[in-house]
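Below, each chain spelled out in residue letters.
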Amino acid sequence: MFTIQKLNNISSQGLDLFSTERYEVASEISNPDAIIVRSFKMNDMEFPSKLKAIARAGAGVNNIPVGRCTEAGIVVFNTPGANANAVKELAIAALLLSSRNIIKGIQWVQEQKGGQDEVPQIVEKGKSQFEGPEISGKKLGVIGLGAIGVMVANDAIALGMKVVGYDPFISIESAWGLSSSVSKADTLDQIITTCDYITIHVPLNDKTKGLINKSRIDSMKTGVKIINLSRGGLVINKDVIEAIEAGKVGCYVTDFPEDELLGIEHIICIPHLGASTPESEANCAVMAAQQIKDFLEKGNIKNSVNFPECVLMQTGDNRIIVANDNVPNMVGQVTSILASKSINIADMLHRTKGDLGYIILDIDGDIEEETVERIRAVDGVKKVRVIPNKNKGC
């Protein structure tokens, strides 16, 4: 039986995929095979040697110490695209909120409470102070064309905007899904210097931290609206505040409120609602659970942030999986050990990602623990598992 520790409230639609015959799922499990998590901060956690995988029910993994996990051979999964529609809808709302002065107008209307029969006349007389431009015909720059960025770009086209996208690492899948009406920017500067609206849909890492800073803001059009529903660290708060106060930036909408951003006119702070829909939470939980099940039961890896994608239909009597450093002759050493024991390899898959490698070997017959230990002792091997083929002969 596999044990799964949940560190947050996870949608039952995901947890129900773990059958009670093969899985125990609880918050109190201290030595789990896998962890499923949303926003719980795991950076200071100590991980037991039994832990094989962590699945984040969401896209960002800043709350997980990926480096330590990698060193220990722990596979870290995320769920890209599962919350894409929810974030896309909020991005479209942010475009409208940044333009039409809707929030301030609603607040002003509420202040007219007590005006009795005069309220309609007061509203008609005062509404002009909340006038704002339409987004149709304006130019939107989308930085990052992953699952969310593509959906935002396509829907903005449908709303009549001129859309230009920038992503030097766009996937084939995203490219297929992108509207042909979206123009391609060859450089980030093409977005920065020409767009009326800029929305950011990239992960936070060492290369993207402070992506929107004073230098780039100075190059933007006066009155530009900036939308950040990805991560707070992508925008330097101090720089955008100064630009708001100077009139350079017309509005900044962020899903990551911080104290210094509050109470400033033309800064709209949303309480991190990007993926906060029941549909999104269910989609993320289902995807995370499916990934954990496929990994624990078959050793397959899909949507890992640290290990290579490696999926193979199981054909042999037993499956050996090896997580290892990406060094020369790793496959040769492992297969030589199997050959020395006259173990036949029915099928095999080897994939690498950066400094890591991952090997799946389906073998005929059984394998002794002593042979497994020999593989485990190979220099550079991080983890070894043997998974029986429960469907063989069915």
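In this text, all values refer to a predicted model and were calculated from it rather than measured experimentally. (Residues numbered from 1 in each chain as written. Predicted model: local features only at pLDDT ≥ 70, side-chain atom pairs only at ≥ 80, totals over all residues. Heavy atoms only, no water.)

(A) Quick peek at the overall build of the protein. Across its full length, the protein holds 13 helices and 16 strands. With the principal axes as the frame, the protein shows a C-alpha extent of 90 × 45 × 40 Å. Looking at the protein as a whole, 48% of its 394 residues qualify as buried. Across the protein, 41 positive and 48 negative side-chain charges occur, with their mean positions spaced 3 Å apart. (Helix = DSSP H or I, 4+ residues; strand = E, 2+ residues; numbered from the N terminus. Buried < 20%, exposed > 50% of the residue type's maximum accessible area, 1.4 Å probe, protein only. Lys, Arg positive; Asp, Glu negative; His and termini not counted. Charge placed at Lys NZ, Arg CZ, Asp CG, Glu CD.)

(B) Highlighting the pattern of salt bridges. This structure, assessed with the given rule, holds 18 salt bridges. Measuring nitrogen to oxygen at the nearest pair gives 2.5 Å for the salt bridge that ties Lys52 to Asp33. Here Asp33 lies in the loop between strand S2 (23-26) and strand S3 (34-37) and Lys52 lies in the loop between S3 and strand S4 (53-56), a separation of 19 residues in the sequence. By the burial criterion, Lys52 is buried, and Asp33 matches it. Between Lys341 and Glu370 there is a salt bridge, and its shortest N-O distance comes to 3.4 Å. One end of the pair, Lys341, is in the loop between helix H12 (330-340) and strand S14 (345-353); the other, Glu370, is in helix H13 (residues 369-376), and 29 residues separate them in sequence. Residue classification places Glu370 among the partly exposed positions, given a relative accessible area of 40%. Three or more residues are tied together by salt bridges with common partners; here these are Arg22, Lys293 and Glu297. (Salt bridge = Lys/Arg side-chain N within 4 Å of Asp/Glu carboxyl O.)

(C) Focus on the sheet that holds S2. What the five strands build is an open sheet, ordered S2-S1-S3-S4-S5; its pairing is parallel. The sheet terminates laterally at S2 and strand S5 (75-77), the two strands that pair on one side only. Between one strand axis and the next, the sheet turns by 20° as a mean value, whatever way the strands run. Helix-sheet contacts for helix H11 (residues 278-298) involve strand S1 (2-6), S2, S3, S4 and S5, and the interaxial angle to S3 is about 170°. (Pairing = 2+ DSSP bridges. Axes fitted to C-alpha atoms, helices over the stretch in contact; angles between N-to-C directions. Contact = heavy atoms within 4.5 Å.)

(D) Representation of the side chain of Asn83. By the secondary structure assignment, Asn83 is in the loop between S5 and helix H3 (84-100). Of the residues examined, Asn83 reaches a relative accessible area of 9% and is grouped as buried. Apart from residues lying up to four places away in sequence, Asn83 is in contact with Ala59, Ile148, Ala275, Ser280 and Cys284.

(E) Up close: the sheet that holds strand S11 (residues 249-254). The strand order S8-S7-S6-S9-S10-S11-S12 describes an open sheet built from seven strands, whose pairing is parallel. At either margin of the open sheet sits one strand with a lone partner, and together these are strand S8 (183-184) and strand S12 (267-269). Pairing of strand S10 (residues 224-228) with S11, which is carried by five bridges, proceeds in the parallel orientation. Each bridged residue has a counterpart across the sheet, and for Asn228 the counterpart in S11 is Thr254. Sitting on the sheet, H3 touches strand S6 (139-143), strand S9 (197-200), S10, S11 and S12, and the angle it makes with S10 is about 150°.

(F) Structural detail: the layout of surface pockets. Here the second largest pocket is characterised by a volume of approximately 380 Å³. Considering the residues around the second largest pocket, the lining is formed by 20 residues, among which Asn101, Lys104, Cys251, His266 and Ile268 are closest to the centre. Counting residues per element, the lining of the second largest pocket draws most heavily on helix H4 (residues 102-110), at four residues. When its residues are assigned to classes, the lining of the second largest pocket shows nine nonpolar, seven polar and four charged. (1 Å grid on protein atoms, 1.4 Å probe; cavity = no way out; pocket = protein on both sides within 12 Å on 5 of 7 lines; lining within 4 Å. Points joined across faces, edges and corners; volume = space filled by probe spheres on them. Nonpolar A, V, L, I, M, F, W, Y, C, P; charged D, E, K, R; others polar.)

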